[in-house]
Amino acid sequence: MAFSQGFTPHPKISYASAAPTGVASEAEYLEIGLREVVDPEQLRSALDAALSPGLDVLDAVVASGSSLPDRIEASHWRIELPQVHPDVLAKAVALFTAAEEVLVERMTKQGRRTFDARAAVVKIDVIAAPATPSGEPAVPCAILELVVRQVTPSVRPDDVLSGFRVVAGLEPPVAPKVIRLAQGTLTAQGAIVDPLDAERDGATIGGR
Amino acid sequence: MVDGRVPLGIMSVPSTTSRPVAANSVWPQLEPLLPQVTKPIQYVGGELGAVVKDWDAATVRWALMYPDAYEVGLPNQGVQILYEVLNELPDTLAERTYAVWPDLEKLMRAHGVPQFTVDAHRAVRDFDLFGVSFSTELGYTNLLTAIDLAGIPLLAADRTDDDPVIVAGGHAAFNPEPIADFVDAAVLGDGEEAVLEITGIVREWKAEGRPGGRDELLLRLARTESVYVPRFYDVDYLPDGRIQRVVPNRADVPFRVHKRTTMDLDAWPYPKKPLVPLAETVHERYAVEIFRGCTRGCRFCQAGMITRPVRERSITTVGQMVQQGLEFSGFHEVGLLSLSSADHSEIGDMCSGLAEQYQGTNVSLSLPSTRVDAFNIDLAQELSRNGRRTGLTFAPEGGSERIRKVINKMVSKDDLIRTVVTAYTNGWRQVKLYFMCGLPTETDADVLEIADMAHEVIRAGRAATGSKDIRCTVSIGGFVPKPHTPFQWAAMERPEVIDHRLRLLKQAINADRSLGRAIGYRYHDGEPSLIEGLLSRGDRRVGAVIRRVWENGGRFDGWSEHFSYQRWVDAAAEVLPGFGVDLDWYTTRERDELEVLPWDHLDSGLDKDWLWQDWQDALSEYEQDDCRWTPCFDCGVCPAMDTEIQIGPTGRKLLPLTPVNGLKLPTGAQQ
C-alpha cells in the first residue's frame, strides 16, 4: 500500500461515489495506490480475505487511461417500498416524471441545501412485484428501479423519495430498502457500462 | 507507486440475502432497525479477528461484554484477550456484546429485539455465561440496561436455570458490592486462567446433567476460592450504618475470596489476533502489555496496588507479538502498554530494537510516558526515529512537594523542570503535564503550585530554546479514593471545593499573560468524581441507588453529555436515608482503622495493616521506595498469593526482521 507524504501519512485510497449509510450495494468502486506492482488477482484475494464476510472484493484491474470518478457517470438503484401499493407508487412516479423540476431539501456537510431531484434521474421504472406461490403478494410491496446521473450535489435514492413526497405526498410507512445494482458510464439508451471494461479487454481477471 | 499505475477494485456491500445468518440469530429483526440509528456499523460485527463458531458444536458458551459503546469497548485489551483464549478451546465459544446507544435501545424495546452479540447476533440470554469487564464503576448503569434488554431478571435472586450466570471482572470487580444484587459472581484479578477454570466447571456440571441447577453451579464456582458469589455472603450492619461483618451464609464457601494472578506472561502472548474495528474507535493500534503490576507505590493508584507483583514480558516475546500482531491486523501503530512502561528492565533495547525493525515503514511506536526523567525522553527519541514524534506526557500528579510526598510520587520540581526543558531542547514543542485535584490533605496552596510549576517550565523552556514557540498543557483529573489502596480510608473533597480550586488555578495560570498564553488548561468538574467515589467504595446498599438512577434513565455515565449529577444526587437522597446513611457518608467521610470495609472479605493480597501503615505514612508525608530496586517492604502480596516479582533483563536483543514483501494471501491461496 502506498502512503501520502507528509507529517501524518495516509494510505492512498479513494472511493468513487460511495453508497450512503444504510444502503446496500452490489457495485462499489475504489482506487488504491500501491508501492509495487502486484498481480491484480492476488491483490483481490488478499483484500477479500481481510474484509468482513459479505464485503466481497470481486475484481481488481490495473488502472490506465481516465480516472475512476470520470467513469462513474450514473448509478442504477433498486428501491423496495414495503406496504406501498405499486399503483400508488406508479402515480407518484408519473407526477415526478411529468415535473420540470422537483426541489427537495437535505442536510449536507455544507448545511441544509435545496436542489432539484428531477433532472438527474435518467430512467425510472416501477417493477411488478414478484408473485408469491398463491399468485397473490402477501404484503404489497412496490419496487422501483432508477438510473440517476452523478451530479453535484449528488441526487441519492432518498432524495428521489423526498421528491415523491413533494409531488405526490407519498410517505413510505416503513423504511425503504435500497440497493445499488450498478454504476459506471452511461450509454445514450440509459444503460450502465462497467467502468472497468476498458482495462478488461474482454478477459475476465477476477474470475467472474 | 511504480509507473504511476493504480489498480482498481470492485467491492460489494451485502444485501440481506447474501449475509450468512446463524440459526439462532436476531439479525433479521435487528437489521431493519439499523438504518434508523446513529453509526449502525458498530452493531454489525464481522471484524478481522472476529470468530463465529458453530453453536451446537460448543459445550460452553460465553457472551463477553465491555459495558460501554463499541468505540470504547472494542479496543479493550481484557475482553480481546479472553475472547481469544476462550475461542481457542475446541468446545467453547465466546462472542462479544457492547452497550447499545439509547436510540437503538428504544427501538429494540419497541420491536422486542434482545441484547445481542455482534459476532453472530445471538441473544445474550441464550449463553451459559455472561462475562462483563468493568474498568470503571461508571459502567454499572449500562450493565443494568444490558441485563434488562437481554430479558434476564435484573436481580440475581430472581434468575432461573435458563438464565446465564453473570460474572463481573476487571478492576472495579475488586469491590463488586454495589452490583452484588445484579451479578451472580465476580472474579478478582487476571482473567486468562480464571475463565478457563470457570469454563471447566461449567463443562463438567453440564456433562453431569446440571445437578442441583444454578445453585449447585454457583456453589462449585465459589468453592474455587477465587470466584466470589455474593449470594453466599450476608452483610450485617451496625446501628450507625457501618458494616458489622460480612460472613458466608453456608458452611461450604470460603470466608475470603482471593484474586487470581497469571504468572509468566510469556506463556500468555495475547492478543495474537487483535480485532480490527469496522467503526472508528478510541484506540486503533496493536497494543501489547510489556508488563503487568506496578510497585512504584503511588498511593492513589488502584491499578498499581491490585495488580502486584510486577511480571515482565520478555523483550523477545514482545518483539514476536508486535511482528505477528501487525502482520495479522495491518495496524500502523503499536502501543507498548503497562502502568509505568519506562520501568521495564529491557525497555531501552526494546525501544531501539523495535525502532530499528520498523524504520522506513509506516509503523509508529508509542509508549505511555509518565515517568518524569530524562530517560523517558531518550526512549521517546528512539521511538520517533520514523519521523513521527509521539506526544510526551509527564505526570507529577501533585502540585507541591508536600502533596507529592503524601501520594508517594517521588519527583522534585527541579527534576520536572529539567526534564521538560530537555524535551524542548530535543525538539518537542509541546508537552502535557498531568495532575490530580482533591487529594487527601490537599489545600488551595498545593493546587496553586501547579501554576508556578507550569510558569517555570515555560520560562526555562524559552530560555533554553531561545524560542517562544513552546507550549505545555496542564491536565487535571479528579481524585477518587479506591478500594485496596492506602487512600481507601480517605475523605473525598466536596465538588464545590474542587471546582473552586480549579478556578483559582486557572486565574493563577493566567495571572502572567505572556506565560499563560503558552499554557493549555484541561480539567474535569468535581461532580462526576464524587459519584465515582460513591460507586467505588460503596456497599450493597448502593445497588438500590444504581437501580433508581437506571430506572430514571441513567445510561453511559462515563460520558459527560449523558452523565447527570442531579439524577445521582436525587436517587441517593431517595434511597439511602432508608438505610440511615447518605451520599456524604459514602464519599466525604473519613473511615477509621477498625471499620469493616465492604471489600474486606475480598483478598487483593495486600495486607490491610500494611495499607493502614502506608496511609499513616502518607499523612506524615513519608515516602515509600519501589521494591523493584529496593528490598521488599512487606505489602503482603507475594507471600499471600504465592507469587514473586518476575523481571529481566534476559540479555537478549531484538534481531532485525526479514522484510515481509508482497501481499498477505489467505491460507490455501497460491503464492
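For clarity, every value in this text was computed on a predicted model and none was experimentally measured.

About the thresholds
Residues numbered from 1 in each chain as written. Chains lettered and ligands numbered in written order. Predicted model: local features only at pLDDT ≥ 70, side-chain atom pairs only at ≥ 80, totals over all residues. Heavy atoms only, no water. Helix = DSSP H or I, 4+ residues; strand = E, 2+ residues; numbered from the N terminus. Buried < 20%, exposed > 50% of the residue type's maximum accessible area, 1.4 Å probe, protein only. Contact = heavy atoms within 4.5 Å. Domains from an automatic or database assignment. Buried area = accessible area lost by both parts, 1.4 Å probe. Salt bridge = Lys/Arg side-chain N within 4 Å of Asp/Glu carboxyl O. Pairing = 2+ DSSP bridges. Axes fitted to C-alpha atoms, helices over the stretch in contact; angles between N-to-C directions. Expected span 1.5 Å × (residues − 1). Parallel < 35°, antiparallel > 145°, perpendicular 65-115°, else oblique. Left-handed = near helix turned anticlockwise from the far one by under 90°. Nonpolar A, V, L, I, M, F, W, Y, C, P; charged D, E, K, R; others polar. Phe/Tyr/Trp six-rings, centres within 6.5 Å; stacked < 30°, edge-to-face > 60°. Lys NZ or Arg CZ within 6 Å of the ring centre and 35° of its normal. Arc of directions from axis to C-beta. Polar contact = N/O pair within 3.5 Å; in protein donor to acceptor, adjacent residues only side chain to side chain.

K.L.:
How should I be thinking about the overall build of chain A in this particular structure?
P.N.:
Of the regular secondary structure elements, chain A holds 5 helices and 10 strands. Each principal axis of the C-alpha atoms in chain A carries an extent, and together these give about 55 × 45 × 35 Å. Per-residue burial over chain A gives 40% buried out of 208 residues. A sequence separation of at least 24 residues applies to 67% of the contacts in chain A between residues at least 6 apart.

K.L.:
What is the right way to look at the domain arrangement of chain B in this model?
P.N.:
You'll often see interface size given as the accessible area lost when the parts meet. Residue and element names in this part refer to chain B. Here chain B is partitioned into domain 1 (22–239) and domain 2 (392–541 + 581–602). The distance between the C-alpha centroids of domain 1 and domain 2 comes to 36 Å. On the side of domain 2, 15 residues touch domain 1, which itself brings 16 residues to the contact. Carbon and sulfur atoms make up 60% of the surface buried where domain 1 meets domain 2, a total of about 1400 Å² over both sides. When the buried area of domain 1 at its contact with domain 2 is split by residue, Glu-137, Asn-175 and Tyr-237 rank highest and sum to 36% of it. Across the contact surface, domain 1 and domain 2 share 2 salt bridges. Between Glu-177 and Arg-540 there is a salt bridge whose closest N-O contact spans 2.9 Å.

K.L.:
Could you clarify how one ought to interpret the sheet that holds strand 7 (residues 227–228) of chain B in this entry?
P.N.:
Within a sheet, each strand pairs with its neighbour through backbone hydrogen bonds, oriented either parallel or antiparallel. Residue and element names in this part refer to chain B. Strands sit in the order 3-2-4-5-6-7 across an open sheet of 6 strands; the sheet is mixed. Looking along the sheet, the strands with just one partner apiece sit at the ends: strand 3 (92–98) and strand 7. One ladder, built from 2 bridges, connects strand 5 (residues 165–169) with strand 6 (residues 185–187); its direction is parallel. In the strand pairing of strand 6, Ala-168 is matched with Ala-186. Set on the sheet, helix 3 (residues 77–87) makes contact with strand 2 (60–66), strand 3 and strand 4 (129–133); between it and strand 3 the angle comes to about 155°. Strands in contact with helix 5 (residues 140–149) are strand 2, strand 4 and strand 5; relative to strand 4, the strand with the most contacts, it is inclined by about 160°.

K.L.:
Is there a simple way to think about the side chain of Gln-488 of chain B in this case?
P.N.:
With respect to the helices and strands, Gln-488 of chain B occurs in the loop between strand 18 (471–478) and helix 15 (495–510). Residues within four places of Gln-488 of chain B in sequence aside, it is in contact with Lys-482, Pro-483, Arg-537, Arg-591, Leu-597, Trp-599, Lys-608 and Leu-611 of chain B.

K.L.:
What is the right way to look at helix 21 (residues 608–619) of chain B in this model?
P.N.:
Side chains of residues three or four places apart in an α-helix project in the same direction, reflecting 3.6 residues per turn. All names here are of chain B. With 12 residues, helix 21 extends 17 Å between its outermost C-alpha atoms, agreeing within 8% with the 16 Å of an ideal straight helix rising 1.5 Å per residue. Listed in full, the buried residues belonging to helix 21 are Trp-610, Leu-611, Trp-612, Asp-614, Trp-615, Asp-617 and Ala-618. Packed against the buried residues of helix 21 are helix 8 (302–306) and helix 12 (401–407). Among the residues trailing helix 21, Glu-621 stands out with phi positive, at a value near 60°.

K.L.:
I'm lost on the sheet that holds strand 14 (residues 333–337) of chain B in this one. Help?
P.N.:
Residue and element names in this part refer to chain B. As summarised here, the arrangement of the 3 strands in space is 11-14-15, forming an open sheet in which the pairing is parallel. Every other strand in the sheet has two partners, leaving strand 11 (286–289) and strand 15 (364–366) as the edge strands with one partner each. Neighbouring strand axes in the sheet, compared pairwise and without regard to direction, differ in orientation by 20° on average. Both strand 11 and strand 14 contribute to a ladder of 4 bridges, which runs parallel. Each bridged residue has a counterpart across the sheet, and for Glu-289 the counterpart in strand 14 is Leu-337. The strands touched by helix 9 (residues 315–329) within the sheet are strand 11 and strand 14, with strand 11 carrying the most contacts at an inclination of about 160°.

K.L.:
It is not clear to me how the packing of helix 4 (residues 102–111) of chain B against helix 5 of chain B should be interpreted in this structure. Could you clarify?
P.N.:
Each pair of packed helices can be described by the angle between their axes along with the distance between the axes. All names here are of chain B. Following both chains from N to C, one finds helix 4 and helix 5 inclined at 20°, their axes separated by 11 Å at the closest point. Here helix 4 lies roughly parallel to helix 5, going by the angle between them. When you trace helix 4 past helix 5, the crossing you get is left-handed. When helix 4 is examined against helix 5, the residues Glu-105, Met-108 and Arg-109 are found in contact with a partner set consisting of Thr-145, Asp-148 and Leu-149. When the residues that make up the contact of helix 4 with helix 5 are grouped by side-chain class, the tally is 2 nonpolar, 1 polar and 3 charged.

K.L.:
Hey, could you run me through the packing of aromatic side chains in this one?
P.N.:
The relative placement of two aromatic rings is captured by the distance of their centres and the angle of their planes. Taken as a whole and assessed by the stated rule, the structure comprises 16 aromatic pairs over all chains. On the numbers, 5.4 Å between centres and 90° between planes, the contact of Phe-96 of chain A with Phe-164 of chain A is edge-to-face. Of this pair, Phe-96 of chain A sits in helix 3 (residues 86–98) while Phe-164 of chain A sits in helix 4 (residues 157–168), and the two are 68 residues apart along the sequence. Each member of the pair, Phe-96 of chain A as well as Phe-164 of chain A, is classed as buried. Relative to Phe-487 of chain B, the ring of Phe-479 of chain B has its centre 5.6 Å away and its plane inclined at 90°; by these criteria the two rings are edge-to-face. Just as Phe-479 of chain B is buried, Phe-487 of chain B falls in that class too. Of the aromatic side chains, those joined through ring pairs into one cluster are Trp-101, Phe-556 and Trp-559 of chain B. The ring of Trp-585 of chain B has Arg-589 of chain B sitting right over it, with the charged end atom 3.9 Å from the ring centre. Lying across the ring of Phe-291 of chain B, Arg-628 of chain B places its NZ or CZ 4.7 Å from the centre.

K.L.:
Explain the pattern of salt bridges here, please?
P.N.:
For side chains bearing opposite charge, pairing can occur when the charged atoms are close. All names here are of chain B. This structure, assessed with the given rule, holds 63 salt bridges over all chains. With its nearest N and O atoms 2.8 Å apart, the salt bridge here joins Arg-109 to Asp-148. With Arg-109 in helix 4 and Asp-148 in helix 5, this residue pair connects regions lying 39 residues apart in the sequence.

K.L.:
Looking at this structure, how should I read helix 4 of chain B?
P.N.:
Residues and elements named next belong to chain B. Turning to helix 4, its buried residues are Leu-104, Glu-105, Leu-107 and Met-108. For helix 4, the arc enclosing every buried residue in end-on projection is 165°, short of the 170-degree limit, so these residues lie on one face. Exposed side of helix 4, more than 90 degrees from the buried face: Lys-106 and Ala-110 are the residues found there. Packing partners of the buried residues in helix 4 comprise helix 1 (27–30) and helix 5.

K.L.:
Got a minute to help me understand the side chain of Glu-199 of chain A in this structure?
P.N.:
Residues and elements named next belong to chain A. Within the secondary structure, Glu-199 sits in helix 5 (residues 197–200). In this structure the side chain of Glu-199 is engaged in a polar contact, spanning 2.7 Å, whose partner is the side chain of Arg-71. Setting aside residues up to four positions removed in sequence, Glu-199 forms contacts with Val-61, Val-62, Ala-63, Ser-64 and Arg-71.

K.L.:
Honestly, the packing of helix 3 of chain B against helix 6 (residues 192–207) of chain B in this entry has me stumped. Any pointers?
P.N.:
Residue and element names in this part refer to chain B. Relative orientation of the contacting elements helix 3 and helix 6 amounts to 40°, with a least axis distance of 10 Å. It follows from the interaxial angle that helix 3 and helix 6 lie oblique. Where helix 3 crosses over helix 6, the handedness of that crossing is right-handed. Here Ile-81, Leu-82, Val-85 and Leu-86 of helix 3 lie close against helix 6, whose contacting residues are Glu-192, Val-195, Leu-196 and Thr-199. Taken together, the residues that form the contact of helix 3 with helix 6 break down as 6 nonpolar, 1 polar and 1 charged.

K.L.:
Which parts of the structure should I look at to understand unusual backbone geometry?
P.N.:
Cis rather than trans, the peptide bond between Thr-152 of chain A and Pro-153 of chain A has omega equal to -5°. Along the chain, Pro-153 of chain A falls in the loop between strand 8 (141–149) and helix 4. With omega at 0°, the peptide bond leading from Arg-308 of chain B into Pro-309 of chain B counts as cis. A positive phi angle is found at Glu-225 of chain B, which is not glycine, with a value near 70°. Positive phi is not limited to glycine here, since Phe-556 of chain B has a value of about 50°. Structurally, Phe-556 of chain B is set in the loop between helix 18 (542–551) and helix 19 (565–575).

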